Amino acid sequence: MANKFTNFIFTTEGKDTITQVLAAKKVAANAQLSINTVYTFATKLSTSLVYTQISSLGPKQTKPVGTVTPQDNDTVEMRIQLDNADLTTGYNLQGVAIVGQYNGNNFVLGYINSNETTNIPPYDGTQVQTVALDVSFAISDSNIVTINTQTAGMLTVDDYNALVKLLETRVAPLAVDSTVVHLTGSEVVTGIKQFTERIVGSVTGNAHTADYLNVHNLTADISLDTLSDNGSYLSKSNTKVTTGKPSGTSELYTLIVAGTMQLFNDMSNDALYVRNRIDSKTMTSWKKIVEDVDQTLNAKYNYAQLPTVNGSGVALQSDLAAETSSRSVADRDLKASIALEAQTRSAADIAFGSSLTAEVAARSTADASVTAAITKEQATRSTADASITANLMTETSARSAADTSLQALYSRLNSDFNDEIATRSAADSLLLGSTADLASQIAKERDNRVFNDNSLASDIASNATKRDELFGSMLDWNMSNANSIAANSVAINSVNAATVHLSGSETITGQKNFKGTQSFENLSVSGTAKLPAGFDGGFVRYTGVFSDWNLLWEYQMSGNSATFLLSGTALKDVTASDPADILLTTITKYPVPKSTARGFIIDVTTGANFGSLRMYSDGRVAMNWNAANVAISGHYIEGSISFLIS
């Protein structure tokens, strides 16, 4: 047979995948790849071909790979069968790509290119043409891959004659076809036939005299794809609709279902079609069976009308006399083989009965083991369920206690917020009153200054005479005159020493009551300063440290308002042993609020911990955190309180 195709060529993607499989095989013994699909092309292929390029190259046909058989000598054999049954447009076959799958991913294992023009014609509705390729390859390791492809192609006349000679040697031992019973078709069998095995199926009538099979009449709409029961079916109704039949055929037909095969005969033109079932949902396409040509024997190798292949006539080389003799010998051998088969099957049935008894006993033992395992599993799960139930009850109790604690904390914070609102509301009212008082004092001051200006103008005129009198007595140095300058100077100096001056550092003793607007700079007050509401005497600042906690405090006073600030990095955590109100210090030298003043304290480092900073009316300063245990050691803390001085 002519070498019409190249040897199988392994692609780079195929080599890489084989290397992966061989490597995986060393770890997992079940590592395997599958060879599934064949794509044909009208262009030559190369080793750089990968699966993602298949669709862009425009494949002409997609066919499943036939039998793939691993052999004992580390080779793999597979059959590729290409036909034109689904072609409506012919093409020149140039390349065939073989595609496999590994780990769910498709890859191109390799390809075969055509060495000469190989036309695949469209299906003419009469005869299906095929191209058969037998491929085998061996794998030794990841670097050595040997591929062996048998040459194949479309049959020429020479190929056909060679095939005939091969068939003569293969069919010579067989019986004459006309003298044997076939698997399908209606045939007359003469003589008594004895069956050593029971007949599978239904036999209607007396089996000794039965001469026909029951025919199922098809009268309603039907799909032939759903018919899987063996039998003969007859359709004589043109009013129904049949789907799944060959294209272009009529509603008058007969159908024979035998195993996976369906044989369809169109009674309108006596055309015959055949197809096979692949699985419960898939059928092969209908193939039309070409009508045999009646032949008249002229000579040993010649006929009145020769069959043709690709338009060229061929001769079937067969000796009918020798064929008849060979088939008679084959019939005798077949009878002996049937007798031996019957004997062998009888012995196998006996062995099968013994195996079946052993299987029943083994399954009974397995059922008992499974029952015991199920009982044990039920006990284990019951114990686990009880444990889970107990854990759920414990969790419910713990969450209930936590909810109660959170509710109490929320109530306490809400109370603190309400107190703060009340304090700030009172402060706002006091501040509004102070603002009104300040406006009233400003108005009075303005009136007083106008009055004083008028009085000063009057005094200037009247004092002119007094100055004359005063200067006229300046020569009286012996102070004999009480109204003299000298006498008045002594009196003034005495009064001046006991008064407060506008400049200079002076010490004031005794309690002083200031009225009106006063302005002081660098005022040092010893003892508790009783400053009236609305005091605007400047800004006063005092500082200190809470050494136990390493927190700095600062007391600021401006006018009639005071602010207490707290900041620093805490030295320790708040624990459950600490009281709710942690006392920091007691203010004794500075004004304190009339009632408890509340502010906020917060863990600036995390932002998660917070609490209330409080100053009581007796001067105590305390912090109250949001929980019994607060981790603040090493964290930066800030807090503040603001209040009005009464």
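Worth saying up front: this structure is predicted, and the values here are computed from it rather than measured.

Reading the values: rules and limits
- Residues numbered from 1 in each chain as written.
- Predicted model: local features only at pLDDT ≥ 70, side-chain atom pairs only at ≥ 80, totals over all residues.
- Heavy atoms only, no water.
- Phe/Tyr/Trp six-rings, centres within 6.5 Å; stacked < 30°, edge-to-face > 60°.
- Helix = DSSP H or I, 4+ residues; strand = E, 2+ residues; numbered from the N terminus.
- Buried < 20%, exposed > 50% of the residue type's maximum accessible area, 1.4 Å probe, protein only.
- Lys NZ or Arg CZ within 6 Å of the ring centre and 35° of its normal.
- Polar contact = N/O pair within 3.5 Å; in protein donor to acceptor, adjacent residues only side chain to side chain.
- Contact = heavy atoms within 4.5 Å.
- Pairing = 2+ DSSP bridges.
- Expected span 1.5 Å × (residues − 1).
- Arc of directions from axis to C-beta.

It is worth spelling out the packing of aromatic side chains at this point. Centre distance and the angle of the planes are the two values used to describe a pair of aromatic rings. Per the counting criterion, the structure on display carries 10 aromatic pairs. Between Tyr542 and Tyr590, the aromatic rings sit 4.3 Å apart at their centres with planes inclined by 20 degrees, giving stacked as the arrangement. Within this pair, whereas Tyr542 is found in strand E22 (residues 539-546), its partner Tyr590 is found in the loop between strand E25 (582-586) and strand E26 (597-603), the two being separated by 48 residues in sequence. Classification of Tyr542 by relative accessible area gives partly exposed; the value is 27%. Cluster of aromatic residues (ring-pair linked, three or more members): Tyr253, Phe264, Tyr273 and Trp286. One residue, Lys572, lies across the ring of Trp549, its end atom 4.6 Å from the ring centre. The ring of Tyr616 carries Arg620 above its face, with NZ or CZ at 4.3 Å from the centroid.

Backbone geometry at Asn103 places phi at a positive 55 degrees, although glycine is not the residue there. In this fold, Asn103 is placed in the loop between strand E7 (95-102) and strand E8 (105-113). Taking relative accessible area as the criterion, Asn103 reaches 61% and is therefore assigned exposed. A positive phi angle, near 60 degrees, is found at Asn550, a position not held by glycine. With respect to the element layout, Asn550 can be found in the loop between E22 and strand E23 (551-558). For Asn550, a relative accessible area of 35% translates into the label partly exposed.

Mapped onto the elements of the fold, Thr242 is located in strand E15 (residues 242-243). The buried category is assigned to Thr242, whose relative accessible area is 7%. Here Glu251 takes part through its side chain, which lies 2.7 Å from a polar atom of the side chain of Thr242. Among the polar contacts made by the side chain of Thr242, one reaches the side chain of Tyr253 at a distance of 3.1 Å. Once you skip the residues sitting within four places of it in the chain, Thr242 turns out to touch Ile222, Leu224, Glu251 and Tyr253.

Let us now look at the sheet that holds strand E12 (residues 215-218). The strand order E12-E14-E16-E17-E18-E19 describes an open sheet built from 6 strands, whose pairing is mixed. Each edge of the sheet is formed by a strand with only one pairing partner; in this case those strands are E12 and strand E19 (287-288). Sheet topology note: the strand E17 (residues 261-266)/strand E18 (residues 271-276) ladder contains 6 bridges and is antiparallel. Residue pairing in the sheet places Phe264 in a bridge with Tyr273 of E18.

Quick look at helix H1 (residues 12-27) now. Helix length check: H1, at 16 residues, gives a terminal C-alpha distance of 24 Å against a target of 22 Å (1.5 Å per residue), a fit within 8%. For H1, the complete set of buried residues consists of Glu13, Gly14, Thr17, Ile18 and Val21. Buried residues along H1 cover an arc of 130 degrees about the axis, so they all sit on one side. In H1, the exposed positions that point more than 90 degrees away from the buried face belong to Lys26 and Val27.

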